[in-house]
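Architecture at a glance
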Amino acid sequence: MFVNESEVENTAAIDIAEGKVDQSILLELYDRLDAAVWIFDFDHKRYLWANRKTLEITDAISLEELQSRDLGADMSPAVEQRLRQYQQDFCTSDVSFSEIWTLYPKGQPKVLQIAMSGIRLRDGRMALLCEGREHHKQQPETLRSAEALLHTSVMISLFSKEGASLYRNTASRAASVTLETPFLDQFVHAEEAKDLFEIVERERTHKFVARVKTRSGPRWHELTVRACHDAVTGQPAYLVSETDVTELHETKERAQYLASHDTLTGLSNRTYLQERLTLILHAAKRNNQSASFYLLDLDDFKLVNDSLGHAAGDTLLQMVADELKSLAGPEDVIARHGGDEFLICTLEGKEGKEPGSFGHALLRSFARPKVIEGKQRKVGLSIGYACFPQDGDTVDELMRHADLALYQAKSGASNKCVQFDAHMRQLRDEHRAIRKDLERALKEDEFILHYQPIACTRSDRVVSGEALLRWQHPERGLIGPDDFVHIAEEAGLISDIGAWVAREVAKLQTHIDGLDYAVPLTLALNVSPRQLSDTGFLGFMKSLPEQTGCAPDRISLEITESVILGDIPNARETLTTLKACGYQVVIDDFGTGYSNLAYLHNYPIDGIKIDRVFMEDINAGGEIVKLILSLATALGADVVAEGVETIEQRSWLSRNGCDRYQGYLYSRPVPLDRFLSMLETQHRLAAM
């Protein structure tokens, strides 16, 4: 080891050949070398010793002057990290490296090919022994590439065809568990990459996301693997670039979980059902199994909410969900279908249980009173079910038949678990009667619109209103959309009804503009997926401003998340055209059905309406709502919170940057004259 000349004088002579040569002669020999040789102190970031060639390259007047330089003063974090990696490698392994480095003595770049190895100092610390030769052949682009590899945060690695590590840049070395970790061994689940090399050989490049082992523990990395050749040996190799996407992946997973699960019960939600149930039916057909679709509804759930409060209602829903989980098998599907309705799909073999056995077991489990909010209460259930394949062989048919059976169960006083029967098709006949009534309703102008105000969370002023469809039936009275819209869709009438709604909203918007309120008011209307898929819809909406004189920039079209999931052909083009016409595009009930946030960037979204189910999240800290608000900010979208029922919810929204809300706290949906009266009163008060 070489430290300084005074130490050299005190050392014993060394036998070389048949003579005696002391270290002063060795030092003189080092000074005559054409290569620069020096020892670098990792810990203090200083030269410990250097030969004469090193002094020339570094433009040092003496060894003492070179030793006095503090190399850490302007050392970049990437270089410091790389040097620490070398020190660790030398401490654990007898390895050496050869790399092209650019040094900057007194600010002037010097490019060297440096061979580096470890040398142990007398105090036990590991230092760096370097042998460098000036490298004049490299082009500027090559030198800059080498510098970029050193400083970039992207992890760059080179592996042999067998997966052995050939090279890692600073970022890759910092992340890898060891310098020698083979390619496949860095995956948490090696089977994820077992076919990777075959894919790369075929396609020459492949990008994927996987969970990998790192010094910081398991992380999610996006890897791009390219087939290439090792520039040193000429042998086939694989160049791998990696970026850490852990935070993005976890956010996406959380969003996907929210999209497919009910936040209150933790069960799957109805959005996730179609895919899962279709897979179950395919498995049943393939394995000659039977399946049962159960729809479960709580009796008098509204009474629980009204008498004991919504917290008690939520407790009851969670209790039912837990009971379903305890009774269901590992392959069964359990979901909250909406409100107080649950769906269970059970899969059974040839010698399975009797039809309805799961439903009857559930009834027995609720035969005894349950403790809700410290009080015992009898919980009544109504269950309808349909069996595959005898009651239907598609998801839609089985769901429809189970729903008919549930209607029968709710109507009966004794049998609360009812299997579908053909006579229940009478209900379908009633639906057909409703279809005829709907056709008449269009001709006789029996539809009306109610409007629910949308208010500012800070000022409580009405800034918008959502148009909500009602049917003034001559015999049945006022009917809500849930009782007829799905029938209108099945009958192909929804486009005509939707056109009527849009025309009425446009007329009202024109009327309100004429009132010359100080603050322009925006009106919102719901557009169903079937309307968007109607070839005449776009032309109708384009002509609406000319027909009515409306300002399309003050009309919001509320669409469901299913529209941007690809269910509607040419949905993006249609929405982009509507946006170009001036209409605003808003996603309704956001968070209940979306599975891929990346789709949002591809659509002209002006606003997001947070589904009412997330209002309960506010009571637990509001982390989900904060996530949605952050997403909306990133997209530049306005936000309306639905289902706001308490002052506390409104105050939380205002504090956290949500400017608009609607819900029973401000007003239920009201008839047109009442809505206009609200606006007029607000205008008069503002003028006072």
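None of these values were measured; they are calculated from a predicted model.

Let us look at the overall build of the chain. Of regular secondary structure, the chain possesses 24 helices and 30 strands. The contacts in the chain between residues at least 6 apart in sequence include a share of 59% that link residues at least 24 apart. Element-wise, carbon and sulfur atoms account for 49% of the exposed surface of the chain, whose accessible area totals about 34900 Å².

Counting residues in each nonpolar core, the largest one holds 75 residues, and the members touching the most others are Leu438, Phe447, Met541 and Leu653. Here the element with the most residues in this core is helix 17 (residues 494-514); it accounts for 10 residues. Ignoring any residue separated from it by four or fewer positions in sequence, one finds Leu653 in contact with Thr457, Met615, Ile618, Val625, Ala641, Val644, Cys658 and Tyr661. Core analysis: the next-biggest nonpolar cluster, separate from the first, contains 34 residues, Tyr47, Val79, Trp101 and Met126 among them.

Right, let's get into helix 12 (residues 310-327). Its 18 residues give helix 12 an end-to-end C-alpha distance of 26 Å, which sits within 8% of 26 Å, the value for a rise of 1.5 Å per residue. Buried within helix 12 are the following residues: Ala312, Gly313, Asp314, Leu316, Leu317, Met319, Val320, Ala321, Glu323 and Leu324.

Another point: helix 8 (residues 196-203). All buried positions along helix 8 are accounted for by Leu196, Phe197, Ile199 and Val200. When helix 8 is viewed along its axis, its buried side chains cluster within an angular range of 160° and face the same direction. Helix 8 presents Glu198 and Arg202 as exposed residues on the side facing more than 90 degrees away from its buried surface. If you follow the buried residues of helix 8, they end up packed against strand 10 (205-212), strand 11 (219-229) and strand 12 (236-244). Within two residues after helix 8, Arg204 carries a phi angle of roughly 75°, on the positive side.

Taken in spatial order, the six strands make up an open sheet running 13-15-16-14-19-20, and their pairing is mixed. Each edge of the open sheet carries a strand with a single partner, namely strand 13 (268-269) and strand 20 (417-419). Across three bridges, strand 19 (residues 381-388) lies against strand 20 in parallel orientation. Bridge pairing in strand 20 links Ile383 to Cys417.

Conventions used here
- Residue positions are given per chain, counted from 1 along the sequence in the order it is written.
- Only residues with pLDDT of at least 70 get local features here, since the model is predicted, and only at 80 or more are side-chain atom pairs given and counted; chain-wide, interface and lining totals rely on the full set of residues.
- The side-chain values count all of the structure's non-hydrogen atoms but skip hydrogen atoms and water molecules.
- We count a stretch as a helix when DSSP gives it H or I for four or more residues in a row; a strand needs E for two or more, and each element gets its number in order from the N terminus.
- Contacts are assigned to residue pairs with any non-hydrogen atoms lying within 4.5 Å of each other.
- Surface accessibility in these figures is a Shrake-Rupley result with a 1.4 Å probe; residues are shielded only by whichever protein chains are displayed.
- We define a nonpolar core as any set of buried Ala, Val, Leu, Ile, Met, Phe, Trp, Tyr and Cys residues linked to one another through side-chain atoms lying within 4.5 Å.
- A simple rule labels every residue: compare its accessible area, found with a 1.4 Å probe on the protein chains alone, to the largest value its type can have, and call it buried under 20%, exposed over 50%, or partly exposed in between.
- To estimate how far a helix should reach, multiply one less than its number of residues by 1.5 Å.
- When we speak of the arc, we mean the arc of directions from the helix axis to the C-beta atoms.
- Paired strands, in this sense, are two strands between which DSSP finds at least two bridges.

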